Amino acid sequence: MSFEDLKLHPTILKSIAEAGYTAPTPIQEQAIPEAIAGHDLMASAQTGTGKTAAFILPALQKLTEPSPVHSRGPRILVLTPTRELANQVNEAAWKYGKGLRVKTVCILGGMPYPLQNKLLSQPVDILVATPGRLIDHLERGRIDFSRLEMLVLDEADRMLDMGFIDDVERIAAATPATRQTLLFSATLDGAIGNLGQRLLKSPKRISITAAKARHENIEQRLMYVDDMAHKNRLLDHLLRDVDLNQALVFTATKRDADSLADSLSAQGHAAAALHGDMNQRERNRTLVNLRRGNVRVLVATDVAARGIDVPGITHVINFDLPKFAEDYVHRIGRTGRAGATGIAVSFASNRDAGSLRSIERFTGQTIQPHSIEGMEPKFKPRPATAGRGTGAPRGNGGPRGTGGPRSAAPRHHAPDSRHGFPRDERGGQRREGQSHNRFGNDARPRSAGEVNGNRAPAPFSANRRPQGTSFSLGRGHNSGNRR
Ligand code: AMP
């Protein structure tokens, strides 16, 4: 199938050709005709599959016709969980819609209100927003949704996870009932299914299991580590690999991201940190430096790195394993962008068996152990599990269940109110916490609350979503505010 077959407007086709795309991706092939036909959509497609164009292109197609309603308000509204993702959608709208002279506005937390008020007082075609700040403007009567034709919920699962469900529903309620609604999410079960039932009208369901969605273009490697010093040595070795163009290194906490970036800089790497304690200007500057290649190693936390789309990233390194298995998928999806291949390396101590099991169960893939000659772990790693598509590699990683799922750690509560805790988009406080500096030259032992370079056993709730369990058991105050 070609883009011409999708019956897109010639001006849009021209922008697509300029972007260098030769054929639609599977999600685009399936979603665009349904969206152009006016259907509501529930699409499960992960980042890296081309999902942004799958909703922006039909949105632009709508804008090729004049609005029947005379107003200045947005005709398309895209809600995203994070500022980074919103910026990316904004860029995509600009890239694909530049020939149409589309007016796009981005309304994000952490930005000054007066500028946003001014932007909202002018005619807007596409409004891209994070829910919290949009609600603020809505409550102040600054948004006119009278001509809104399409509502897009991008990464809806993440918005639920982050406690934006009430905001999303209030925003949807403020838009015309005649609107078309497109929902994109990593999964469509459980709470997302319920949300879909409330907000969508007879939606078409699309599920993408393309090679790209399964990350077959990304080689996943597991490296066992003995302790922090071993981790640091391995990281330095990996970063000196000539095949590594740019790397994204994930740490569990903001403080660790800063410390590790400092320590890598001291070792001569062009490194920088990216996390939610940085203001938007600092984050943007760091991302620009990454895009320009001035930064070769970006050390980041999950929330801050979500949505990064930099083709030069050849390696993702999980210095700390993610607390939630779905974050693993989002992390490794930062490499292998736009048809390239990538390498994702995960460090795991002998106490991370539970976390690894959860990740492998979630992805349905086994991560093959790797070691570097002369830097092998002292403990005996689990045997390679080649050929096993799914399942739980048992390994010898300590007693079963240690640090694993459903440990004695308390379940956390749903983020239930928009005032319950500081939002990510309002200063980046939530979900990213602080820890002591553990990257000093002496690599001192971790505190009792941490295990071999990773945080102490915590609820590793990877099983929630694949099993369709309720989001009310999702991330919340307890674990969330540490990341
Ligand atoms: P997304 O899943 O929307 O984050 O997109 C992932 C990457 O794929 C982005 O870098 C897009 O620019 C790129 N992309 C989107 N559609 C296509 C296409 N049809 N052909 C090639 N690359 C694409």
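Residues numbered from 1 in each chain as written. Predicted model: local features only at pLDDT ≥ 70, side-chain atom pairs only at ≥ 80, totals over all residues.

A. Summary view of the overall build of the protein. Counting secondary structure elements, the protein contains 16 helices and 16 strands. For the protein, with 483 residues in total, the buried portion stands at 53%. (Helix = DSSP H or I, 4+ residues; strand = E, 2+ residues; numbered from the N terminus. Buried ≥ 20, exposed ≤ 12 C-beta atoms within 10 Å, placed from the backbone.)

B. Geometry of unusual backbone geometry. In this model, Lys7 sits at a positive phi of 60°, which is unusual for a non-glycine residue. Note that Lys7 resides in the segment before α1 (10–19). For Lys7, a count of 12 C-beta atoms within 10 Å translates into the label exposed. For Ser202, which is not a glycine, the phi torsion comes out positive at approximately 35°. On the secondary structure map, Ser202 appears in the loop between α9 (190–199) and β7 (204–207). The exposed category is assigned to Ser202, around which 6 C-beta atoms lie within 10 Å.

C. Focus on the sheet that holds strand β12 (residues 313–318). With respect to topology, 7 strands assemble into an open sheet ordered β10-β11-β9-β12-β13-β8-β14, the strand pairing being parallel. One side of each edge strand has no neighbouring strand; the edge strands of this open sheet are β10 (271–274) and β14 (368–369). Relative to strand β11 (residues 297–300), strand β9 (residues 246–250) runs parallel, the two being bridged by 4 bridges. Looking at the pairing, Leu248 lines up with Leu298 of β11. Sheet contacts for helix α11 (residues 254–266): β9, β10 and β11; angle to β10, the most-contacted strand, approximately 175°. The strands touched by helix α14 (residues 325–332) are β8 (218–224), β9, β12 and β13 (342–348); relative to β12, the strand with the most contacts, the crossing angle is about 155°. (Pairing = 2+ DSSP bridges. Contact = placed C-beta atoms within 7 Å. Axes fitted to C-alpha atoms, helices over the stretch in contact; angles between N-to-C directions.)

D. Examining the confidence of the model for the protein more closely. Within the protein, residue pLDDT values average 78, and 77% of them lie at 70 or more. Of the regions scoring below 50 in pLDDT, residues 384–483 engages in 217 contacts with residues more than four places distant in sequence or in other chains. (pLDDT = per-residue confidence, 0-100.)

E. Structural detail: helix α2 (residues 26–36). Considered for burial, the residues of α2 that qualify are Ile27, Gln28, Glu29, Gln30, Ala31, Ile32 and Ala35. Positive phi shows up at Gly38, right after α2, with a value of about 95°.

F. Region of the structure containing the pairing of strand β3 (residues 104–107). By the bridge criterion, 4 bridges tie β3 to strand β4 (residues 126–129) in an arrangement that is parallel. Each residue of the ladder has a partner; that of Ile107, found in β4, is Ala129.

G. Focus on the packing of α2 against helix α3 (residues 51–63). At their nearest, the axes of α2 and α3 sit 9 Å apart, and the two run at 25° to each other. Between α2 and α3, the angle is such that the two are roughly parallel. Relative to α3, the crossing made by α2 is right-handed. Judged by residue contacts, Ile27, Gln28, Ala31, Ile32, Ala35 and Ile36 of α2 engage Lys51, Ala53, Ala54, Phe55, Leu57, Pro58 and Gln61 from α3. A class-by-class count of the residues in the contact of α2 with α3 yields 10 nonpolar, 2 polar and 1 charged. (Parallel < 35°, antiparallel > 145°, perpendicular 65-115°, else oblique. Left-handed = near helix turned anticlockwise from the far one by under 90°. Nonpolar A, V, L, I, M, F, W, Y, C, P; charged D, E, K, R; others polar.)

H. Highlighting the sheet that holds strand β5 (residues 150–153). Reading across from one edge, β3-β4-β2-β5-β6-β1-β7 is the order of the 7 strands in this open sheet, with parallel pairing throughout. Looking at the sheet topology across the chains shown, the edges are occupied by β3 and β7. In this sheet, neighbouring strand axes are inclined to one another by 15° on average, regardless of whether the strands run parallel or antiparallel. Bridging between strand β2 (residues 76–79) and β5 involves 4 bridges; their strand directions are parallel. Residue pairing across strands places Leu77 opposite Leu151, the latter belonging to β5. On top of the sheet, helix α6 (residues 131–139) reaches β2, β3 and β4; it is set at about 100° to β3, its chief contact.

I. Expanded view of the environment of Ala272. As for its position among the elements, Ala272 is in strand β10. For the pair Ala272 and Ala300, spaced 28 residues apart in the sequence, the C-alpha separation amounts to 8.5 Å.

J. Representation of helix α15 (residues 353–363) within the structure. Of all 11 residues in α15, 10 are buried; the element is thus mostly enclosed. For α15, the full list of buried residues reads Ala353, Gly354, Ser355, Leu356, Arg357, Ser358, Ile359, Glu360, Phe362 and Thr363. Contacts from the buried residues of α15 go to α14 and β13. Of the residues trailing α15, Gly364 is marked for its positive phi of about 70°.

K. A look at the packing of α3 against helix α4 (residues 83–97). Direction vectors running N to C along α3 and α4 enclose 50°, while the axes themselves pass 10 Å from each other. Compared by their axis directions, α3 and α4 come out oblique. Judged by the twist between their axes, the crossing of α3 over α4 is right-handed. Contacts from Thr52, Ala53, Ile56, Leu57 and Leu60 in α3 reach Gln88, Val89, Ala92, Ala93, Tyr96 and Gly97 in α4. Residue classes in the contact of α3 with α4 are distributed as 8 nonpolar, 3 polar and no charged.

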